[in-house]
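One-letter residues, chain by chain:
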Amino acid sequence: MSIQAVDVLLPQTETESGGDSMKCRRFRLENGEGVGDRDEVYNSPTTPVLENPEYQTRWYFKYFLGKLHQIYVGTDSEKQPFFISVVLTDSNNQGAPQYKAILWKKTGAQKIYLPHTPGRPLNVKQILSNFQNMDRLEKSPKEVVSPELQKSLLLLEEQEGSVNFKFGVLYAKAGQASDDEMFSNERGSKEFERFLTILGNKIRLKGWDKYRGGLDVKGDMTGAYSVHTIYEGHEIMFHVSTLLPYSKDNKQQLERKRHIGNDIVNIVFLDGTPEEMAAFSPNCIKSQFTHIFALVTYLPGEDAYRFHIYSEESVPLFGPSLPSPPIFPKVPDFREFLLVKLINGEKAAFNTPIFSQKRERTLDMLIRDMYAEVMTEHRGSLQRRALSEVLPEGGRSSRRREEARQVEFVRVGQALKLDTIVKGDAPTSLANTGLFRRSPWEPQCFYPDFHYEIICGDSWSDNRLILATESGVFVVEEGGTCRMIFDKSVQIKQLTVVEAHGILLVRTDRGRDSRMHVFRLSSFESDACGSEPAAFSRQHLKDQRLERTKGTHLYAVSRLGGSHLRMAVAVGKKILLLQWRHSAAWTAWCPTSDTDTVEGFQYLREFQVSESPLVLTLIDSGNCYSAGGQGENQICVGYRHQFDLINERTSETKRFYNVEGKWAHLVAAIDVYEDEEPELLLCFNNTCHFQKLDEINASSEHDFHWNSVPESIVCAFPYILAFTADSIEVRLVINGNLIQAMVMPRLSLITSKSDVFFATTAPEFFSLRGTRMDHKDSSPPSSPHSSPDGKPFRLYRIQLNNLGGGSANNCAATPVSTTPIPARNLSRRDDVSASPPPAGRGGVSRMARLNSRKDLRIRLEQQGGGGGPGSNPGSPGASSNSSRGAGSGTGFSRSCTASPTTGSTSPNAPSSPRSSCSGSPKTRPPQGNTGLGGRKLSLMAEELEG
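Note that the coordinates shown come from a computational prediction; the quantities given were computed from them, not determined experimentally. Numbering of residues starts from 1 in every chain and runs along the sequence as written. The predicted nature of this model means local features are confined to residues of pLDDT at least 70 and side-chain atom pairs, given and counted, to a pLDDT of 80 or more, with totals for whole chains, interfaces and linings taken over all residues. As a rule here, side-chain values come from all non-hydrogen atoms in the structure, and water together with hydrogens is ignored.

A. Focus on the overall build of the protein chain. The secondary structure listing takes helices from DSSP runs of H or I that are at least 4 residues long and strands from runs of E that are at least 2 residues long, numbered from the N terminus. When helices and strands are tallied, the protein chain shows 16 helices and 48 strands. Each accessible area is a Shrake-Rupley estimate made with a 1.4 Å probe; only the visible protein chains count as cover when residues are assessed. Looking at the protein chain as shown, the accessible area adds up to about 35,600 Å², and 48% of this sits on carbon and sulfur atoms.

B. Representation of the pattern of salt bridges within the structure. Take a side-chain nitrogen of Lys or Arg and a carboxyl oxygen of Asp or Glu: if they are within 4 Å of each other, that pair is a salt bridge. By the definition in use, this model includes 32 salt bridges. Across the salt bridge formed by R204 and D220, the nearest N and O atoms sit 2.8 Å from each other. Residue R204 is located in strand β8 (residues 201-204), and its partner D220 is located in the loop between β8 and β9 (225-231); the two are separated by 16 residues in the primary sequence. Only protein chains enter the calculation, and the probe is 1.4 Å; a residue is then buried if its accessible area is under 20% of its type maximum, exposed if over 50%, and partly exposed in between. Among the residues examined, R204 registers a relative accessible area of 35% and is labelled partly exposed. Judged by relative accessible area, which is 27%, D220 ranks as partly exposed. Among the ionic contacts, a cluster of salt bridges with common partners joins R58, K111 and E160.

C. Molecular detail of the pairing of strand β45 (residues 793-798). Across the six residues of β45, six count as buried, placing the element largely inside the fold. Here β45 shows no split at all, with F793, L795 and R797 on one side and R794, Y796 and I798 on the other all buried. Bridge count for strand β16 (residues 444-450) against β45 is four bridges, and the pairing is antiparallel. Residue pairing in the sheet places Y447 in a bridge with L795 of β45. Two elements, strand β42 (residues 756-760) and β45, share five bridges in a ladder whose sense is antiparallel. When the sheet's bridge partners are listed, V756 is paired in β45 with I798. When DSSP finds at least two bridges between two strands, those strands are taken to pair.

D. Examining the environment of L128 more closely. Note that L128 resides in helix α4 (residues 124-128). Taking the C-alpha atoms as reference, L128 lies 9.7 Å from I102; in sequence the two are 26 residues apart.

E. Inspection of helix α7 (residues 190-199) at higher detail. For α7, the full list of buried residues reads F192, F195, L196, I198 and L199. Looking straight down α7, one finds that the buried residues subtend no more than 155 degrees of arc, so they occupy a single side. The exposed set on the far side of α7, more than 90 degrees from its buried face, consists of K190 and T197. This arc corresponds to the set of directions leading from the helix axis out to the C-beta atoms.

F. Highlighting helix α5 (residues 149-158). For α5, the full list of buried residues reads L149, Q150, L153, L154, L156 and E157. Taken around the axis of α5, the buried residues stretch over an arc of 155 degrees, which confines them to a single face.

G. Structural view of the nonpolar core. Among buried residues, the Ala, Val, Leu, Ile, Met, Phe, Trp, Tyr and Cys ones that are joined through side-chain atoms within 4.5 Å form a nonpolar core. If you look at the biggest cluster of nonpolar residues, it comprises 41 residues, and the most contacted ones within it are F195, F238, I267 and F307. Residue assignment for this core shows that the elements contributing at least two residues are β7 (165-173), α7, β9, β10 (234-240), β11 (265-271), β12 (292-299), β13 (304-312) and α10 (331-349). Counting residues per element, this core draws most heavily on α10, which supplies nine residues. Pairs of residues are marked as contacts when any of their non-hydrogen atoms sit within 4.5 Å. I267 has contacts with G168, V169, L170, F195, L199, F238, A294, V296, L338 and L342, leaving out every residue within four places of it along the chain.

H. Here's a closer look at the packing of α5 against helix α11 (residues 353-376). Between N-to-C directions, angles cover 0 to 180 degrees, with each direction set by a line fitted to C-alpha atoms, over the stretch in contact for helices. Two numbers describe how α5 lies on α11: the axes approach to 11 Å, and their chain directions differ by 170 degrees. Accordingly, the angle class assigned to the pair α5 and α11 is roughly antiparallel. On α11, the residues that touch L149, S152, L153, L155 and L156 of α5 are L363, L366, I367, M370 and V374. Looking at the contact of α5 with α11 residue by residue, the classes come out as nine nonpolar, one polar and no charged. Every angle not falling under 35 degrees, over 145, or within 65 to 115 is termed oblique; those three ranges are roughly parallel, roughly antiparallel and roughly perpendicular. Think of it as three bins: nonpolar holds Ala, Val, Leu, Ile, Met, Phe, Trp, Tyr, Cys and Pro, charged holds Asp, Glu, Lys and Arg, and polar takes everything else, Gly as well.

I. Spatial organisation of the packing of aromatic side chains. Aromatic pairing here means that ring centres of Phe, Tyr or Trp (its six-membered ring) are within 6.5 Å. Orientation follows from the plane angle: under 30 degrees is stacked, over 60 is edge-to-face, and everything else is tilted. All chains considered together, the criterion is met by 38 aromatic pairs. Where Y60 meets W104, the ring centres are 5.7 Å apart and the plane angle is 80 degrees; that geometry is what we call edge-to-face. Note that Y60 is positioned in helix α3 (residues 59-64) and W104 in strand β4 (residues 98-105), a separation of 44 residues in sequence. Classification of Y60 by relative accessible area gives buried; the value is 0%. Aromatic side chains F486 and F519 sit 5.2 Å apart centroid to centroid with 75 degrees between the ring planes, which places their arrangement in the edge-to-face category. Within this pair, whereas F486 is found in strand β20 (residues 482-486), its partner F519 is found in strand β23 (residues 515-520), the two being separated by 33 residues in sequence. With relative accessibility at 0%, the residue F519 sits in the buried group. Through successive ring pairs, a cluster of aromatic residues spans Y171, F192, F195, F269, Y298, Y305, F307, F328, F334 and F337. For a lysine, the NZ atom is tested; for an arginine, the CZ atom; a charge sits over a ring if that atom is within 6 Å of the ring centre and within 35 degrees of the ring normal. In this structure, K100 packs its charged tip against the face of Y113, placed 5.8 Å from the ring centre.

J. Expanded view of the packing of α7 against α10. Between α7 and α10, the shortest axis-to-axis distance is 10 Å and the interhelical angle comes to 70 degrees. Between α7 and α10, the crossing angle belongs to the class labelled roughly perpendicular. When the axes of α7 and α10 are compared, the crossing they make is right-handed. Where α7 abuts α10, its residues R194, F195, I198 and L199 lie against V331, F334, R335 and L338. Within the contact of α7 with α10, the residues separate by chemical class into six nonpolar, no polar and two charged. Left-handed describes a crossing in which the near helix is turned anticlockwise from the far one by less than a right angle; the clockwise case is right-handed.

K. Quick look at the sheet that holds strand β38 (residues 719-723). Read from one edge to the other, the open sheet built from four strands follows the order β37-β38-β39-β40, with strand pairing classed as antiparallel. Two strands in the sheet have a free side with no partner beyond their single neighbour: β37 (712-716) and β40 (738-743). Neighbour-to-neighbour, the strand axes of this sheet turn through a mean angle of 15 degrees, independent of strand direction. In this sheet, strand β39 (residues 727-732) lies alongside β38 in antiparallel orientation, the contact comprising five bridges. Within β39, the position partnered with A722 by the bridge is E729.

L. Geometry of the sheet that holds β23. Spatially, the three strands line up as an open sheet ordered β21-β22-β23, and their pairing is antiparallel. The sheet terminates laterally at β21 (492-498) and β23, the two strands that pair on one side only. Within this sheet the neighbouring strands show an average axis-to-axis angle of 20 degrees, counted without direction.

M. Local environment of the side chain of R256. For R256, the position within the fold is in helix α8 (residues 254-260). Under the convention used here, Asp and Glu are negative, Lys and Arg are positive, and both His and the chain ends fall outside the count. The buried charged residue R256 lacks any salt bridge partner; its closest oppositely charged side chain belongs to E186, at an N-O distance of 6.8 Å. Here a polar contact means two N or O atoms within 3.5 Å. Within protein one must be a hydrogen donor candidate and the other an acceptor candidate, and residues neighboring in sequence count only if both atoms are side-chain atoms. There is a polar contact of 2.9 Å between the side chain of R256 and the backbone oxygen of N185. A distance of 3.4 Å separates a polar atom in the side chain of R256 from the backbone oxygen of L244.

N. Up close: the side chain of T760. If you trace the backbone, T760 turns up in strand β42. From its side chain, T760 meets the backbone oxygen of P745 in a polar contact 2.7 Å long. Residues in contact with T760, not counting those within four places in the same chain, are M744, P745, R746, L747, P792, F793, R794 and Y796.

And the structure:
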């Protein structure tokens, strides 16, 4: 859900006082009121965005229909029939070909995409192994070459729900307490008529040729007029009570109830006051089919609309969340918010038991009928061919028959697509959805042509990045400069900028001689005369190396906050715990005194573990024992198939979560909080799982899944972003619903500490939901350190204040070590970050999700960059890390409230030897310990292209 105000979704029960309690349904009320400090934390409503938009989720219509693809049929380990469709496509011609696959089962369509490597095609069994419980098939699936099967698969996809909607609109006068009274209102007030003009256009039903929503368009049997609109390609018909047939002799007004009572979502317009809104009970409207009521009233004194939402308790949470108070003085904002809320609500209602069970029965029947038909009538069309065998071996006549079959296959698909478009049942697409609307996650070009593949990186102040490559380490400034600070003799695989203490932590990779090193940030600043220091080389590392860290392959840094900075360093099968001797508060008070490097870290203790860690996360207790409380800090350690928790004080280790299956790719363990109680978001394979620290293998009921296995995760409240080698997926934290998917070649996350920074070879112009990014006028000049090899990387920034509706905050990261995965091209999986949630108490809690997921907030954290694409997948590769600041404030701020430094300020410290004002030496001496109609035509033009 769009969850900036999730705390207002309280599990309140609305029942009639005297009725049979068994007949009363429970409703969840969202009225913009909740936790007392809500106004301080949530200062604006969540941006209204459609969840699970059809142009992103209706894969078969968008990517398969009308294009050459392959369809396979088989039975799973439980002897249940299934179909799988596979296509090789390059979305938007970005130079990132992918396998897209849809697995059709009675439980619904499951979708994944996998990167395509030229010369290494995947077979159908390899693709199926990426779906849960589909890696143990007794028989290989067979290909079905019948073109008529496309129509049946399109029908399966349409079971996900209609792309067009019908909503009921009921007029209620003040004091009316029963649905009979409301349905008996022959006409509405002036305010109600004005409200109808906000919803849409009044249309004549007779002869209406667009979406009719079940109304009669031939003989005025359902009234002469109705209200219709189109929002982002969705046609919406409103069943308005005062426009439906009225009968003076029928007190129940059954003709009106027949339509409005069978709508999943109803709008109730109440001619009353806010006090009368508070007295409204959805149980006064007798309908077992309606699951969501939107209660609206007009406030003449403010010339604004007030808006409440009642959702049946089984309806999953959906967004956008209401502002506090839920008053909309601007009509365009109110209309957009209302329509998005209603559309998302109906989609969410389809996941309730009453609808999901019916859908599963329908899918089961359809798939069994398709399977029986294929195995009997089309048995001769079944073949055993690999995905790469488009043309079978044989003579010229065989090839001609195959080519003719392919032409007919594509022709049938294009005809089906055209027919769906003409009928108005096509999923919305980029051709008709807000072309010029800016999305919160729209990136901005930070640097246009960086010529080296990035291993790891981190942000330094607001306008600088430190980037490690095989050719050296560079500082890149948004203004256009790029300068080297370490030459290529220093191979850095993980780095973290800790601005609160003015230090840079780096992990060098020299095999068994890998170590941790500590540098002062001031060592890389220009001197008073503007001269830049010379680049460090390998000989400068000796005095900066941290003792006991020889052989390290991974490290993690704790939050910055009231307690000291802690660092966990993994060396083989042991973990070292170190602590910075100065607190962030002390450094902020006496910045000139905190000038330590390696001597600033104090050794605390050592932990022995059973395997070499792949994931490390330091979990700060809300009541840390070191601060006098009862809580204890812990370390989450991820191995091949499990996550463990280590108590930092007692060294006690307990099993936390087991990852089932033959293989496991651990992505991240992100610490989130609710009421000072830590909880972990575990990311493995393509799954995200929430679990409290006192639970063992918690229920997977609220897990959600990505369309591909991520390499890194960013939690940017209220969104969560997954980065793969060639795509970004944007989902909502609260329910996992898809918001946006973007394809970008050679993609890698750099950091998400202040904003989200990533690198890609995508061209300067690429579409994000129809929006063009033109940076020709504002891009900085080319990098002086260019390389002729390959396309240059473009560095992009997604501003976190755009994502969260507030200012950018600090965030946490989970360092992850790399392990090879069979049959996958997942070599870049190093930087795993969790980004900035709002400050204050509260966080993502499984109990809160079970009981309406209220009061969701994720603590402010400060995160550093990590390993990226350059790490070796066969060894404990580069990882992401961060310095994280736990915010104790309740409002949004530009920097973490518990962090003593902001911007690019770093403590003054004796700098390393540098050049004089007259010039810079070529080498640096070793350093010491310092420093419709037209809509349909445009849709056809897009979908039938090519």
